[in-house]
Amino acid sequence: MAVESGPAINPIEQFAVSPVLSITVGGHDVSLTNSSIYMLLAVAIACGLMAVGARGGAAIPSRVQAMAEIAYEFIAGMVRSAAGETGMRFFPMVFCIFMFILILNLVGLIPYSFSVTSHIIVTVSLALLVFFTVVIVGIKEHGLHFFKLFVPSGVPIYILPLVVAIEIVSFLSRPVSHSVRLFANMLAGHITLYVFGSFVIMLLGAGAAIKALAVLPFMATVGLEALELLVVFLQAYVFAMLTCMYLNDALHPGH
């Protein structure tokens, strides 16, 4: 006699990319997906926030204006401290990356929404943007002197080849660590929330005596949601800070 089992928990299904509007151009599928819609939404929210914040004119700024000013000053201070005053020309890039990641992370916490930063292709694209910007700016600004980045000063000559090899590998692995850190944290957080949330639903669907136990995973889910709210800010900050540090290497190689 077959035993009927309950619904299986599949925490990976929440990350499925599905087409919303099918578009084919020249035989290539360029459909508008749920992922691209959420990225467009993040851009719209960031642009709207800064458009309202840039109005000015009011003696007492609104909450939106205050948020925009806080975000501006926060990133400007980060760029100056990590890349110096010369790094301020890259402020628009760092600010856009920070706001894009932060808004995507926050939107992903809304129930039944979509977590774009839990996809490695998105985080790798952002990391490669930073990596190639650093390489191009470094070579343009300093020419071959940019490669002094791989030759630390004060290293004895007999171990210099080994140190240079380590520095090159470390530099080339930057996009990996830069992207995987954001991707892994967001992926793990959403999977954990999904599993604990599923436990709540499963226990509520059980017998009367079991339903009372649903409060335990529910409390854990609330606590994890609060922790994840901290993580989304932290991960956006870490990604932007590493971007500033890498840009500093391009502007001041060997320092």
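The shown structure was predicted, so the numbers you read here are calculated from the model rather than taken from an experiment.

Peer 1: When you look at the environment of glycine 26 in this model, what are you seeing that I'm missing?
Peer 2: Along the polypeptide, glycine 26 turns up in the loop between strand S2 (24-25) and strand S3 (28-29). Glycine 26 sits in the exposed class, given a relative accessible area of 72%. For the pair glycine 26 and methionine 186, spaced 160 residues apart in sequence, the C-alpha to C-alpha distance is 35 Å.

Peer 1: Before we go on, may I ask you to explain the packing of aromatic side chains in this structure?
Peer 2: Each aromatic ring pair is summarised here by two numbers: the centre-to-centre distance and the angle between the ring planes. Enumeration over the complete set of coordinates arrives at twelve aromatic pairs. Measuring from ring centre to ring centre gives 5.8 Å for phenylalanine 74 and tyrosine 237, while their planes differ by 40 degrees; the resulting arrangement is tilted. Of this pair, phenylalanine 74 sits in helix H2 (residues 63-83) while tyrosine 237 sits in helix H8 (residues 215-251); the two residues are 163 residues apart in sequence, bridging distant segments of the chain. Overall, the relative accessible area of 32% leaves tyrosine 237 in the partly exposed class.

Peer 1: What is the right way to read the confidence of the model for the protein from this model?
Peer 2: In low-pLDDT regions, the fine details of the predicted coordinates are not to be read closely. Looking at the protein as a whole, its pLDDT mean stands at 88, while 95% of the residues score no less than 70. The secondary-structure element of the protein with the lowest mean pLDDT is helix H7 (residues 208-211), recorded at 74, while helix H3 (residues 91-108) shows the highest, at 95. pLDDT under 50 marks residues 1-5. Its contacts with residues more than four places away, or in other chains, come to zero contacts.

Peer 1: So what exactly am I meant to see when it comes to helix H1 (residues 34-53) here?
Peer 2: Since the α-helix advances by 3.6 residues per turn, residues separated by three or four positions end up pointing in the same direction. In this model, H1 (20 residues) spans 28 Å end to end at C-alpha, consistent with the 28 Å of a helix rising 1.5 Å per residue. Every buried residue of H1 is listed here: Asn34, Ser35, Ser36, Ala42, Ala46, Leu49 and Gly53.

Conventions used here
- Residues numbered from 1 in each chain as written.
- Predicted model: local features only at pLDDT ≥ 70, side-chain atom pairs only at ≥ 80, totals over all residues.
- Heavy atoms only, no water.
- Helix = DSSP H or I, 4+ residues; strand = E, 2+ residues; numbered from the N terminus.
- Buried < 20%, exposed > 50% of the residue type's maximum accessible area, 1.4 Å probe, protein only.
- Phe/Tyr/Trp six-rings, centres within 6.5 Å; stacked < 30°, edge-to-face > 60°.
- pLDDT = per-residue confidence, 0-100.
- Contact = heavy atoms within 4.5 Å.
- Expected span 1.5 Å × (residues − 1).

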